[in-house]
Amino acid sequence: MIKIKNLHKNFGTLAVLKGIDLDISQGEVTVIMGPSGSGKSTLLRCINRLEEITSGTVIVDGQDIMDKNTNINMIRTEAGMVFQQFNLFPHKTTLENVTLGPLKVRKMSRPDAEKLGRQLLEKVGLADKANTYPDHLSGGQKQRVAIARSLALRPKAMLFDEPTSALDPELVGEVLEVMKQLGREGMTMVVVTHEMGFAREVADRVIFMDDGIIVEENTPEEIFSNPQNPRTQGFLRNIL
Amino acid sequence: MLLVGMKLTILITICGLVVGFALGALTGLLKISRNIVFRKLAGVYIESIRGTPIMVQVMFIYFGLPMALGMRIHPMVAGIVAIAVNSGAYIAEIVRGAFQSIDTGQTEAGRSIGLTHFQTMYYIIWPQALKRMIPPLGNQFIISLKDTSLLVVVGVGELTRTGQEIIAGNFRAFEVWLTVALMYLVMTLSLSQLLNYFEKKMDINK
């Protein structure tokens, strides 16, 4: 589904990713952990080309994202992105946020798009908020709308960039619940998060990154109970 | 007679600002485009207009340009062009500022659902930026309205010019200038009210 080979990313002279190799297969849930500045978010953002890669290849759904013949807008609809800061469109209602992609990118008719939008809002438990503006929603509700907005494109994979880090603790659960459900439905997911509970319950694999490289990867059971690399051990000690 | 002048003032202001807004919006977007040539061109326009007095611009357009081009230009046209070109430079900076004040996360979210760069600008950034532009635009509109009084120098029969002509006949400077001032005030206050109305209308959080 997603194949990354020898990916390098520099910001000016600063090397943020120093040779990442990663294969993510259909239906797999991958959790990426690591200290801040380790390149987790950058890696995620390289997958849908929100960041231009410096060298290496990224192949999403069989298409090289750097290939001139690849329509990057279509790749982005196949790999939906959920942001830490939600980034809902404040001038549009919840329903309009969700239907914008189907209407303008998928060229769906308005009734079809609204039907899909309402289904997805119901799926994330916000059917009654269809006509509410984002400013009137809690953080957890906003993030669930953001998930519905991405799902509205019917993506083959979902990328989550610290989706619960900006939330009050009591609101984290409702967002994780939606994500768990997605994982159980077989969505391919790449999740940058420090939520160990989520990783244990849903992840097929946990990747630990530090200083721009993948230090260790394993099943959640193995990596949490028996981390091999000293940097992984140190990090897990700190967050537990 | 003053009402005729007032009508002309309104006409010049509206035409000048419609063209000025289009010019400003275009230039403002060029100023933040990825193409360095566009950015430089926009920069030269903005700086040269902001850096010279509007009185000089008016005289240059009415007396200077026709000489260089070997053609006559109607004073009304010169007036409208002057207001448009002048306000366009300031509006460009207002547009640029409003666009740049929108969080980059909005662009990223738009692009990440597959919208093109243009669609993201049109559906996501522009509506939010427009709302933030209204207060500074209001300022600029009022300044431009009052700037039309400078067109006396090229003989456009707008409100100030009309006032001068009346005084030349009856010498009642106090009454006439007071009336002229009040008429400008009526126009600027109406403009403020109109912009207030738009601002309220765009506020979705009421």
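Just so it is clear, the model here is predicted, and its values are computed rather than measured.

A.B. asks: Explain the overall build of chain A to me, please; I cannot follow it from the model alone.
C.D. replies: Across its full length, chain A holds nine helices and ten strands. Principal axes of the C-alpha set define a box for chain A whose edges measure 55 × 45 × 30 Å. Counted over contacts in chain A with a minimum sequence separation of 6, partners at least 24 positions apart contribute 65%. A total accessible area of about 10,100 Å² is found for chain A, and carbon and sulfur atoms account for 45% of it. Taking the 29 positively charged and 31 negatively charged side chains of chain A as two groups, their mean positions are separated by 6 Å.

A.B. asks: Would you take a moment to explain the interface of chain A and chain B for this structure?
C.D. replies: Interfaces are often sized by the accessible area lost when the parts come together. At the junction of the two partners, chain A supplies 24 residues and chain B supplies 19 residues. Taken together, both faces of the contact between chain A and chain B bury some 1,900 Å²; the carbon and sulfur share is 59%. The tally of links from chain A across to chain B stands at one salt bridge. The salt bridge involving Arg 45 of chain A is made with Glu 108 of chain B; its shortest N-O contact spans 2.5 Å. Across the contact surface, chain A and chain B share eight residue pairs in polar contact (both at pLDDT 80 or more). Put simply, the parts of the chain that give the side of chain A that touches chain B at least two residues each are α2 (72-78) and α3 (94-104) of chain A. Split into classes, the residues belonging to the side of chain A that touches chain B amount to ten nonpolar, seven polar and seven charged.

A.B. asks: Explain the packing of aromatic side chains to me, please; I cannot follow it from the model alone.
C.D. replies: Aromatic ring pairs are reported here in terms of the distance separating the ring centres and the angle at which the planes meet. All names here are of chain B. Under the definition given, this model contains six aromatic pairs over all chains. Judged by centre distance (4.8 Å) and plane angle (75°), the rings of Tyr 62 and Phe 63 are edge-to-face. Aromatic side chains Phe 118 and Tyr 122 sit 6.2 Å apart centroid to centroid with 10° between the ring planes, which places their arrangement in the stacked category. In this pair, Phe 118 and Tyr 122 both sit in helix α6 (residues 117-147), four residues apart, roughly one turn of the helix. The class of Phe 118 is exposed, set by a relative accessible area of 62%. Classification of Tyr 122 by relative accessible area gives partly exposed; the value is 49%. An aromatic cluster is built from Phe 118, Tyr 122 and Tyr 123, whose rings are joined through pairwise contacts.

A.B. asks: What exactly am I supposed to notice about the nonpolar core here?
C.D. replies: A general trend in soluble globular proteins is that nonpolar side chains are found buried together. Formed by 63 residues in total, the largest nonpolar core has its most connected members in Ile 2, Ile 4, Leu 7 and Leu 43 of chain A. Ranked by residue count, the leading element in this core is α6 of chain B, at nine residues. Other than its neighbours up to four places away in sequence, Ile 4 of chain A contacts Ile 20, Asp 21, Leu 22, Asp 23, Leu 43, Ile 47, Thr 57 and Val 58 of chain A. Formed by 46 residues, the second largest nonpolar core is a distinct cluster that contains Met 187, Met 189, Ala 199 and Val 202 of chain A.

The rules behind these values
Residues numbered from 1 in each chain as written. Chains lettered and ligands numbered in written order. Predicted model: local features only at pLDDT ≥ 70, side-chain atom pairs only at ≥ 80, totals over all residues. Heavy atoms only, no water. Helix = DSSP H or I, 4+ residues; strand = E, 2+ residues; numbered from the N terminus. Contact = heavy atoms within 4.5 Å. Areas by Shrake-Rupley, 256 points an atom, 1.4 Å probe, with all protein chains shown as cover. Lys, Arg positive; Asp, Glu negative; His and termini not counted. Charge placed at Lys NZ, Arg CZ, Asp CG, Glu CD. Buried area = accessible area lost by both parts, 1.4 Å probe. Salt bridge = Lys/Arg side-chain N within 4 Å of Asp/Glu carboxyl O. Polar contact = N/O pair within 3.5 Å; in protein donor to acceptor, adjacent residues only side chain to side chain. Nonpolar A, V, L, I, M, F, W, Y, C, P; charged D, E, K, R; others polar. Phe/Tyr/Trp six-rings, centres within 6.5 Å; stacked < 30°, edge-to-face > 60°. Buried < 20%, exposed > 50% of the residue type's maximum accessible area, 1.4 Å probe, protein only. Core = buried A, V, L, I, M, F, W, Y, C linked by side-chain atoms within 4.5 Å.

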